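Each chain is listed here by its residues.
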Amino acid sequence: TTETIRTAAELRESERCYRALFNAMDEGFCIIEFFDGPHGTLSDYVHVEANAAYTANAGIPNVVGQKVREMVPDEAQGWVDLYREVLVTGQPIRFEKELEATGRWLELAAFRVEPASRKQVAVLFKDLTARKRAEQALKDLNATLEQRVADALAERKLLADIIQSADAFVQVADKDLRWLAMNEASSNEFERIFGVRPKIGARMTDVLAHMPDHAAAVEAIWRRAFAEAPFVEVQEFGDPGRDRRFYEMR
C-alpha cells in the first residue's frame, strides 16, 4: 500500500497547490460544464467552479451554480457558441469580448478540460475595461483633433482665397526681408513698377539690387514696420522709367 499512500499524498499536495493558485491569482478563472437544454444539444452551461477574482474582473458575484442563460439571457447564445466550439473541437481560443450585462471588456482564453466526456471548458480572463475606455478616449480625441485641423485648414484656405482675389496689395515678409506670401495683385503691381517679378522666398533687397535707391526705400519702410507699432504712411515707389505711384501703406 506504500505506493498508493504516496500517490494519494502527491494528489493532495497537487490539489493544495492548485487551490492556492486558484484563490490567489488576479485573473478571473472558472470551469463551465455543458448540458443539453431546451435550446438543443449542449445549448447551455453551468459554472461549476470560479475563483474570487471572477467577480472582480467580470462584475458578477456568486456564479457557481448559475446557468449562463439565466445569468446573462440577452447575450448567452454568443457565449455558448464560443465555448461549445472549444468543447467540440478541442481547440483553445483567445479573444476579447464585452460582457454586456456589466459593461466590462474582457480578454479571455478558453480550453477544453480533458477528457471531453466531462463536457467542461476552463476559462481564464482579465478586465480590459480601463484600457478600452482609454483607447476610445484617444480615438475620440483624434477624431476631434482631425476635425479641428480640417476646420482650421478650411478657414485658412477661405482667408487665403479672399486675400488672393482682393485688389489690395498684400505682402508678408520675415525680418530678413524675405517674402513669405504675396497675393496676385501685389505681384503684378510690383512687376509693373519695378520691372521684375517677386518670388516667394526671395529677399527684397536682392531682387532690387540693381536699383539701389529703390532697394533702400523698400528696406526702410519694412524695417520701420518691424521696429514700430502699426502705422499708416503714404510714399512714392516705382522706377521713373516705368511708372511711379503713391501708395498708402499699412
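Here's what I pulled together on the structure shown here. (Residues numbered from 1 in each chain as written. Predicted model: local features only at pLDDT ≥ 70, side-chain atom pairs only at ≥ 80, totals over all residues. Heavy atoms only, no water.)

**Details of the layout of surface pockets**
- Of the volumes computed, that of the largest pocket is approximately 710 Å³.
- Lining the largest pocket are 23 residues, with F169, Q171, W222, M249 and R250 sitting closest to its centre.
- When contributions to the lining of the largest pocket are tallied by element, the ones reaching two or more residues are α6 (184–194), α8 (212–227) and β9 (245–249).
- Tallying contributions element by element places α6 first for the lining of the largest pocket, with five residues.
- Its residues assigned to classes, the lining of the largest pocket comprises 17 nonpolar, two polar and four charged.
- In this model, the second largest pocket occupies a volume close to 190 Å³.
- For the lining of the second largest pocket, the secondary-structure elements that each account for two or more residues are α5 (129–165) and β7 (179–182).
- Ranked by residues supplied to the lining of the second largest pocket, first place goes to α5 with five residues.
- Considering only residue class, the lining of the second largest pocket consists of seven nonpolar, two polar and one charged. (1 Å grid on protein atoms, 1.4 Å probe; cavity = no way out; pocket = protein on both sides within 12 Å on 5 of 7 lines; lining within 4 Å. Points joined across faces, edges and corners; volume = space filled by probe spheres on them. Helix = DSSP H or I, 4+ residues; strand = E, 2+ residues; numbered from the N terminus. Nonpolar A, V, L, I, M, F, W, Y, C, P; charged D, E, K, R; others polar.)

**Structural notes on the pattern of salt bridges**
- If you walk through the whole model with that rule in mind, you get 19 salt bridges.
- In this structure, the salt-bridge partner of D161 is K157, at a minimum N-O distance of 2.9 Å. Placement of both D161 and K157 in helix α5 is noted, with a separation of four residues, approximately one turn of the helix.
- The exposure class assigned to D161 is partly exposed, which follows from its relative accessible area of 39%.
- One salt bridge in this structure joins D243 and R245, with 3.2 Å as the shortest N-O distance.
- A relative accessible area of 17% places D243 in the buried class.
- Judged by relative accessible area, R245 falls into the partly exposed class, the value being 43%. (Salt bridge = Lys/Arg side-chain N within 4 Å of Asp/Glu carboxyl O. Buried < 20%, exposed > 50% of the residue type's maximum accessible area, 1.4 Å probe, protein only.)

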